[in-house]
Amino acid sequence: MSSSAHSWKLLCSLYLILSCLGYEKQGKMPPVMNPKVPIIWVLGGPGSGKGTQCDKIVEKYGFTHISTGDLLRHEVASKSDRGLALEATMKEGLLVTSEVVMELLAEKIKKEMNTAKGFLIDGYPREVEQGRQFEKEIGQCDLVLYFECKDETLISRLLHRAETSGREDDNAETIKKRLNTFHSHNDPIIQEFASKTKRVDAEGTVDAIFEQVVSSIDAISK
């Protein structure tokens, strides 16, 4: 085992010990992610194609894809108390609290961090404070991929998806609420993390969009 790998395993062990002792809740935890593993936040309105592009990124780079939306829907499907509360919030097209999102995200990352080549955090952060909290408690973001798309395009894509998805939040009324919520929170995020943000034109073909994505990821890998 290399020296760096040994040190990383020791750090993980230390994290688990401190967590058991209650240090995590006191805000004294070290970041949980390997600083040498790329961390990419993927932003864009609902229907902007984030999931499709993340699949292509995973195929090319072997990164671990974590969708906050999937994490939330999985929790809802579990029918836990937390899941039932989330379901009511999501049906209204409102944002889930930062505390719950961070909790679900941290749980997932801790399970994957020993083997991941990189992390794609899809649909995160949803507000500035979430981003700040992530960098303080989990790790520094290396790149923000922001998929820009017109509202008309997003609405059209989501209504088309609704024909086969069966998702309760894919209806015209909820879509409009989701877009309003997205826009009100997204601009401050892009401004706060402007130095790490790459704007991607998401109106084109899947392959054309991916060319922009690859260029952005390769730039941080050099």
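Residues numbered from 1 in each chain as written. Predicted model: local features only at pLDDT ≥ 70, side-chain atom pairs only at ≥ 80, totals over all residues. Heavy atoms only, no water.

K.L.:
Would you explain the overall build of the protein chain in this entry?
P.N.:
Each helix and strand in the protein chain was counted, giving nine helices and five strands. Traced from its N-terminal end to its C-terminal end, the protein chain shows the element sequence α-β-α-β-α-α-α-β-α-β-α-α-β-α. Counted over contacts in the protein chain with a minimum sequence separation of 6, partners at least 24 positions apart contribute 75%. For the protein chain, the accessible area works out to roughly 12100 Å², and carbon and sulfur atoms hold 52% of it. (Helix = DSSP H or I, 4+ residues; strand = E, 2+ residues; numbered from the N terminus. Contact = heavy atoms within 4.5 Å. Areas by Shrake-Rupley, 256 points an atom, 1.4 Å probe, with all protein chains shown as cover.)

K.L.:
What am I meant to see in the pattern of salt bridges here?
P.N.:
Side-chain pairs of opposite charge can arise where the charged atoms are in close proximity. Across all of its chains, the model carries 13 salt bridges by this definition. For the salt bridge of lysine 177 with glutamate 92, the shortest nitrogen-to-oxygen distance reads 3.9 Å. You can see lysine 177 sitting in helix 8 (residues 172-192) and its partner glutamate 92 sitting in the loop between helix 4 (81-91) and helix 5 (98-112), a full 85 residues away along the chain. Two residues, arginine 132 and glutamate 192, come together in a salt bridge whose shortest N-O distance is 3.2 Å. Taken together, the positions of arginine 132 in helix 6 (residues 128-137) and glutamate 192 in helix 8 put the pair 60 residues apart, joining distant regions of the chain. Among the residues examined, arginine 132 registers a relative accessible area of 41% and is labelled partly exposed. One connected set of salt bridges, linked through shared partners, spans Glu75, Arg82, Glu103 and Glu107. (Salt bridge = Lys/Arg side-chain N within 4 Å of Asp/Glu carboxyl O. Buried < 20%, exposed > 50% of the residue type's maximum accessible area, 1.4 Å probe, protein only.)

K.L.:
Help me out: how do you make sense of helix 5 in this one?
P.N.:
Each turn of an α-helix holds 3.6 residues, which means side chains three or four residues apart point in the same direction. A rise of 1.5 Å per residue sets the reference length of helix 5, with its 15 residues, at 21 Å; its end C-alpha atoms lie 21 Å apart and thus fit the reference within 8%. Of the residues making up helix 5, those classed as buried are Ser98, Val100, Val101, Met102, Leu104, Leu105, Ala106 and Ile109. Residues of helix 5 that are buried sit in contact with strand 2 (64-67), helix 3 (68-77), helix 4, strand 3 (119-122) and helix 6. (Expected span 1.5 Å × (residues − 1).)

K.L.:
Would you explain the packing of helix 2 (residues 50-61) against helix 9 (residues 206-221) in this entry?
P.N.:
How two helices sit against one another is set out by the angle between their axes and by the gap between those axes. Between helix 2 and helix 9, the least distance of the axes is 10 Å, while the angle of their chain directions is 55°. In terms of orientation, helix 2 lies oblique with respect to helix 9. Helix 2 and helix 9 meet at a crossing whose hand is right-handed. From helix 2, Thr52, Gln53, Lys56, Ile57, Lys60 and Tyr61 reach across to helix 9, where they touch Val206, Asp207, Ile209, Phe210, Val213, Val214, Ile217 and Asp218. Looking at the contact of helix 2 with helix 9 residue by residue, the classes come out as eight nonpolar, two polar and four charged. (Axes fitted to C-alpha atoms, helices over the stretch in contact; angles between N-to-C directions. Parallel < 35°, antiparallel > 145°, perpendicular 65-115°, else oblique. Left-handed = near helix turned anticlockwise from the far one by under 90°. Nonpolar A, V, L, I, M, F, W, Y, C, P; charged D, E, K, R; others polar.)

Geometric descriptors of this kind do not, in isolation, establish any biological role.
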